[in-house]
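If you want the building blocks of each chain, they are given just below.
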Amino acid sequence: EAQARCSPIALRLLRGPPGGRVCLHLGPACPCSLTMEVAPERISARLLRTVDHPERADEVVDLMTEGFMENPFWLWAFGEDEAFRKKALAFVNRARVQLYGARSEFWLDSAGRVEGHVVMSAESGMSPSFMTLVRAGFLSMPFRFGLRVFRRFNSLVDEMKAQQAEVLGSEPDYWTLEAFVVRADCRGKGIGSRVLKELLEERVPPGKRIILMTQEEANVNLYCRHDFEIISEAVSCENSAKNWIMERKARLS
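As the structure is a computational prediction, the values presented were derived from the model and not from experiment.

Reading the values: the criteria
Residues numbered from 1 in each chain as written. Predicted model: local features only at pLDDT ≥ 70, side-chain atom pairs only at ≥ 80, totals over all residues. Heavy atoms only, no water. Phe/Tyr/Trp six-rings, centres within 6.5 Å; stacked < 30°, edge-to-face > 60°. Helix = DSSP H or I, 4+ residues; strand = E, 2+ residues; numbered from the N terminus. Buried < 20%, exposed > 50% of the residue type's maximum accessible area, 1.4 Å probe, protein only. Core = buried A, V, L, I, M, F, W, Y, C linked by side-chain atoms within 4.5 Å. Contact = heavy atoms within 4.5 Å. Patch = residues over 30% accessible without salt bridge, like charges linked within 9 Å, V, L, I, M, F, W, Y side chains within 5 Å. Areas by Shrake-Rupley, 256 points an atom, 1.4 Å probe, with all protein chains shown as cover. Salt bridge = Lys/Arg side-chain N within 4 Å of Asp/Glu carboxyl O. Pairing = 2+ DSSP bridges. Axes fitted to C-alpha atoms, helices over the stretch in contact; angles between N-to-C directions. Polar contact = N/O pair within 3.5 Å; in protein donor to acceptor, adjacent residues only side chain to side chain.

(A) Expanded view of the packing of aromatic side chains. Within the structure shown, the criterion is met by 8 aromatic pairs. Residues Phe84 and Phe145 carry aromatic rings whose centres are separated by 5.8 Å and whose planes lie at 90° to one another, so their mutual orientation is edge-to-face. Of the two residues, Phe84 is situated in helix H4 (residues 82-100) and Phe145 in helix H6 (residues 141-145); the sequence distance between them amounts to 61 residues. Using a relative accessible area of 10% as the deciding quantity, one classes Phe145 as buried. Measuring from ring centre to ring centre gives 6.4 Å for Trp107 and Phe180, while their planes differ by 40°; the resulting arrangement is tilted.

(B) A look at the nonpolar core. If you look at the biggest cluster of nonpolar residues, it comprises 41 residues, and the most contacted ones within it are Met64, Trp74, Phe78, Val92, Phe138, Met141 and Phe153. Taken together, the elements giving at least two residues each to this core come down to helix H2 (57-67), helix H3 (72-78), H4, strand S6 (114-121), H6, helix H7 (147-168), strand S7 (175-182) and strand S8 (210-214). Among residues more than four places away in sequence, those in contact with Trp74 are Phe68, Gly79, Arg85, Leu89 and Phe153. If you look at the next biggest cluster of nonpolar residues, it comprises 22 residues, including Val182, Ile210, Phe228 and Trp244.

(C) Main features of a nonpolar patch on the surface. Judged by side-chain polarity, Phe130, Met131 and Leu139 come together as a nonpolar surface patch covering roughly 310 Å² of accessible area. Accessibility expressed as a relative area gives 55% for Phe130, which makes it exposed.

(D) Molecular detail of the sheet that holds strand S4 (residues 48-49). Pairing within the open sheet is mixed, and its 7 strands lie in the order S4-S5-S6-S7-S8-S10-S9. This sheet does not close on itself; its edge strands, each paired only once, are S4 and strand S9 (229-235). Here S9 runs beside strand S10 (residues 242-248); their pairing, made up of 6 bridges, is antiparallel. Along S10, the bridge assignment pairs Ile230 with Met246. Relative to the sheet, H2 contacts strand S5 (105-108), S6 and S7, its axis offset from that of S6 by approximately 85°. Relative to the sheet, helix H9 (residues 217-224) contacts S7, S8, S9 and S10, its axis offset from that of S10 by approximately 10°.

(E) Quick look at the environment of Asp52. For Asp52, the location among the structural elements is in the loop between S4 and H2. For Asp52, a relative accessible area of 43% translates into the label partly exposed. Distance from Asp52 to Gly101, taken between C-alpha atoms, is 9.7 Å for residues 49 residues apart in sequence. Here Arg49 takes part through its side chain, which lies 2.8 Å from a polar atom of the side chain of Asp52.

What follows is the structure, given as structure tokens:
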């Protein structure tokens, strides 16, 4: 109707922030304007299972390796030499992806590159059995990286398993969040936070709590913003680094 009455008309679309407003200005020849509310933005990342896209497995492993390079546990286990630590972490993360199976999921950025990875499911991989580690190839670690690295790795695994058993018990009645990482050049943009928020809202069933572990304080702050609470804070006997276990309590809906 405005177009029929006002000629010529110059249309300009001004885009507001999510949750803000969009204004249509119909030009100097027309005093009319239209203001519309903008719905809150949703990232709606399409999660892809790594097992369904084996051609992407190397990208996923590289992403996880880069994301955990400065983790204090892995720094202690694999040492200060970056090239060696990267090689050892890549081996561990390839085995982790194999252990996760269909639970390992990633999403792509607009250019089609792997942007992030996450494991969120009712089946926990945080406390693998000895036979699970054997099947994933971890017994080859001393031959690849030396006995000292193998012993340190096993020591950390044993410590974390003991902490979990003390805090969570032996029968898992919870969901877990694991291996959540966003590509380095995409951090600080709210991408990981939006993906996490959506997963928590849409995937975790009502009545189920969700558990995670982290060894980095910056991650603790992130998860606290999503209603996780610290339920255990243990200092490693081996390297004095902290391991936090965090819980998001069950929601009724």
